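# Chains, contacts and geometry: an overview
Given next are the chains, with one letter for each unit.
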Protein chains: 2
Amino acid sequence: MTHCFTLLNFPLQCGVILPEAQLIYQTYGELNSDRTNVILYPTSYGAQHTDLEWLIRPDRILDPTRWFIIIPNMFGNGLSSSPSNSTYILAKDGFWFSHLDNIHAQEKLLREVFGIEHLALVYGWSMGAQQAYHWGALYSDRVEKIIALCGTARTTDHNKIFLMSLRSALTADPTWTGTRFDGIPERGFKTFARIYASFAASQEFYREGLYYSLGYTSLEDYLYRFWEASYRKRDPHNLLSMIDTWLNCDVSNNPIYQGNYQKALASIKAKTLVMPATTDLYFTPEDCQNEAKMIPNAEYLPITSIWGHRAGNPYQNHPDETFIREAVRDFLLR
Amino acid sequence: MTHCFTLLNFPLQCGVILPEAQLIYQTYGELNSDRTNVILYPTSYGAQHTDLEWLIRPDRILDPTRWFIIIPNMFGNGLSSSPSNSTYILAKDGFWFSHLDNIHAQEKLLREVFGIEHLALVYGWSMGAQQAYHWGALYSDRVEKIIALCGTARTTDHNKIFLMSLRSALTADPTWTGTRFDGIPERGFKTFARIYASFAASQEFYREGLYYSLGYTSLEDYLYRFWEASYRKRDPHNLLSMIDTWLNCDVSNNPIYQGNYQKALASIKAKTLVMPATTDLYFTPEDCQNEAKMIPNAEYLPITSIWGHRAGNPYQNHPDETFIREAVRDFLLR
């Protein structure tokens, strides 16, 4: 059973005030009496909490017998307020969700529902890592540790081109009216999935044919049954919404830092573990390392893997899961 | 003035016989009396000979006062037989040009028009490199040297996904009827250009903002005025045709080698200079190096550059042009 936290008249960074914003979340484990065992685990692109909770198990990466873990669903992901569940959002021109919006809603949820003002850890992969960095900069006194896997605090130009190609792929479909989809964008999904597949795994992943060991019978089979099927499950309006959040990701785009990126990163007090994947094509290790240098208490620990971006969410990927599990365990003990 | 070589009843690898195939070519410099100074310089994706001849100058990469240089336009590029200039080709289902077709037509041109049966060098970048490898394997006794920049003899799986995304991008457009475009695919071109821009230059290229030094005022300006404008100049049917040639590129897919890739590469007798770019995202240095190991007389010399794939066609890129010019000069002296 999931939980719903409602925020009335919730002001968004884009200028819109949502009459009723909903934040859907799930918790795992038990909050201890002094509220010192809280891990926040924000969601990644296209994902809902049910896609990410696999790693919450005593023998996996986050142990719910020791920690109280909360997954807040990102705005736009189809569970929390999203184009698919709000005509208001969809109809609005110039509408977008920012991570500032996500973090503000999460902060209110934690404080009002659980009385939590201190996070032992924010753990995030990809767009989850973006949110972790935002937490560290926006609430620098409340976050003890951050583990940021395969993500940056500000979206790079190259990454933006990838996102623009995805956005353009969906909206090139004949069903796109200019403001919404009038039907299922069959052609758009096909392009979208192939762009994603070419960027989110590495060249080496395909050279080694790793997908065969996962039960796929050919490259086409893998592209269709894994990549295309995964995104076809999602409302295309939501896919656009989350792209816009990602495109606009900038830890310093807020009243506190006013565009001063270095200052925002320098303000992070949390012990921060920066874990890119060595073969990530859009959150490159170089970009992650550059940010690690700007964060006072950061440690740079790349995942040596041929899984590309997906190394940071190592479902069905035991070597990378083991590496991350051990890194997380050691980091939490410090 | 360009030249046209006509091939009557020209059989293609896909099974179609073209009643009249046309190979448009241009020459530079003079053929010497013993025909020992011939350089063949096949075209790359989307390019016509006028796009590539900039590097043919005494002070640039190929010196026309010393060499007789021929640029044969690849089938599908809009000058030689292409969907845009032949209703026959466009209407034909299951139609595609192979590099075997390109090389067969080029061989006939060289022999029948010029009496050339010996090539001092085949020089090619990208799809031009693919053709150079085909020459080396299909006419191993006739090619003395090969310089293959940023290309492989067989298209890798990862590269195929990039190509499938490009193909899907164009054919997602509302103007696509299933067999042809009924109008200009405005949406398709937009996606196509952004996919290309994200893959054909490197992450570092964008991180350093190199396009500003080329006169572009913003990322969007660069994407539109350089990438999108470059492809909008081309007939979208031709863009699909050349993608199909690239997708099907395999130096061993012919009656001589019958799919034996290693044997095809091992048969190349030419001294071969394999020059990938260190940051090429689809013709990766690893893939090029793997092929170099299978070619008996190959030397591996990567171009250290942040220009990505485009390092191998260094227009407006003086450091890489200098590196290639000097490598070519040394290689031709041996």
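Conventions used here
- Residues numbered from 1 in each chain as written.
- Chains lettered and ligands numbered in written order.
- Predicted model: local features only at pLDDT ≥ 70, side-chain atom pairs only at ≥ 80, totals over all residues.
- Heavy atoms only, no water.
- Helix = DSSP H or I, 4+ residues; strand = E, 2+ residues; numbered from the N terminus.
- Contact = heavy atoms within 4.5 Å.
- Least-squares fit on C-alpha atoms with pLDDT ≥ 70 in both.
- Axes fitted to C-alpha atoms, helices over the stretch in contact; angles between N-to-C directions.
- Parallel < 35°, antiparallel > 145°, perpendicular 65-115°, else oblique.
- Left-handed = near helix turned anticlockwise from the far one by under 90°.
- Nonpolar A, V, L, I, M, F, W, Y, C, P; charged D, E, K, R; others polar.
- Expected span 1.5 Å × (residues − 1).
- Buried < 20%, exposed > 50% of the residue type's maximum accessible area, 1.4 Å probe, protein only.
- UniProt positions renumbered as here; feature names shortened; annotations may be inferred.
- Polar contact = N/O pair within 3.5 Å; in protein donor to acceptor, adjacent residues only side chain to side chain.
- Domains from an automatic or database assignment.
- Buried area = accessible area lost by both parts, 1.4 Å probe.
- Salt bridge = Lys/Arg side-chain N within 4 Å of Asp/Glu carboxyl O.

As named in an unreviewed UniProt entry, chain A is Homoserine acetyltransferase, taken from Aphanothece hegewaldii CCALA 016.

## A look at the environment of A:Ser126
All names here are of chain A. Turning to its location among the elements, Ser 126 is positioned in the loop between strand E5 (121-125) and helix H4 (127-138). Along the chain, Ser 126 and Pro 42 lie 84 residues apart, while their C-alpha atoms are 9.7 Å from each other. Not counting residues within four places of it along the chain, the set of residues in contact with Ser 126 comprises Ser 44, Leu 149, Cys 150, Gly 151, Phe 283 and His 309.

## Quick word on the relation of the copies chain A and chain B
Relative to chain B, chain A is turned by 180 degrees and slid 0.0 Å along the rotation axis, the superposed coordinates differing by an RMSD of 0.0 Å. With respect to symmetry, the two chain copies, as superposed, fit the operation of a two-fold axis. The rotation axis passes nearest to the C-alpha of A:Pro174 in chain A, at a distance of 2.3 Å. Taken as a fraction of all interface residues of chain A, those also at the interface in chain B reach 100%, which identifies the copy contact as same-surface.

## What to know about the packing of helix H6 (residues 186-200) of chain A against helix H9 (residues 236-247) of chain A
Residues and elements named next belong to chain A. Two numbers describe how H6 lies on H9: the axes approach to 12 Å, and their chain directions differ by 40 degrees. By the angle between their axes, H6 is oblique relative to H9. Of the two possible hands of crossing, H6 and H9 adopt the one that is left-handed. Contacts between H6 and H9 pair Phe 189, Phe 192 and Tyr 196 from the former with Pro 236, Leu 239, Ile 243 and Trp 246 from the latter. Split by residue class, the contact of H6 with H9 holds seven nonpolar, no polar and no charged.

## Re helix H8 (residues 219-232) of chain A
The first and last C-alpha atoms of H8(A) sit 18 Å apart over 14 residues, in line with the 20 Å expected at 1.5 Å per residue. Listing the buried residues of H8(A) in full gives A:Leu219, A:Asp221, A:Tyr222, A:Leu223, A:Trp227, A:Glu228 and A:Tyr231. At its buried positions, H8(A) is contacted by H6, helix H7 (203-207) and H9 of chain A together with helix H5 (157-171) of chain B.

## A closer look at the UniProt feature "active site" (unreviewed entry) in chain A
All names here are of chain A. Residues annotated by UniProt as "active site" (unreviewed entry) correspond here to Ser 126, Asp 280 and His 309. These annotated residues cover 184 residues of sequence, and their C-alpha atoms lie no more than 10.7 Å from one another, placing them together at a single site. Relative to the elements of secondary structure, Asp 280 occurs in the loop between strand E7 (271-275) and helix H11 (285-294). According to the relative accessible area criterion, Asp 280 is buried, its value standing at 2%. In this structure Asp 280 touches Cys 150, Pro 285, Gly 308 and His 309, once residues within four positions along its chain are discounted. At a separation of 2.9 Å, a polar atom in the side chain of Asp 280 contacts the main-chain amide nitrogen of Phe 283. Summarising the element assignment, His 309 is placed in the loop between strand E8 (298-300) and helix H12 (318-333). Every residue in contact with His 309, bar those within four places of it in the chain, is listed here: Trp 125, Ser 126, Cys 150, Ala 200, Asp 280, Tyr 282 and Phe 283.

## Considering the domain arrangement of chain A
All names here are of chain A. With domains assigned, chain A is organised as domain 1 (3-155 + 250-333) and domain 2 (159-243). The straight-line distance from the C-alpha centre of domain 1 to that of domain 2 is 23 Å. Domain 1 puts 27 residues into the contact, and the matching count from domain 2 is 32 residues. Carbon and sulfur atoms make up 62% of the area that domain 1 and domain 2 hide from each other, which totals about 2,400 Å². Between Asp 51 and Arg 234 there is a salt bridge, with the nearest N and O atoms lying 2.7 Å from each other. Between the two partners, domain 1 and domain 2, sit eight residue pairs in polar contact (both at pLDDT 80 or more). Here the residues of the side of domain 1 that touches domain 2 are counted per class, giving 13 nonpolar, twelve polar and two charged.

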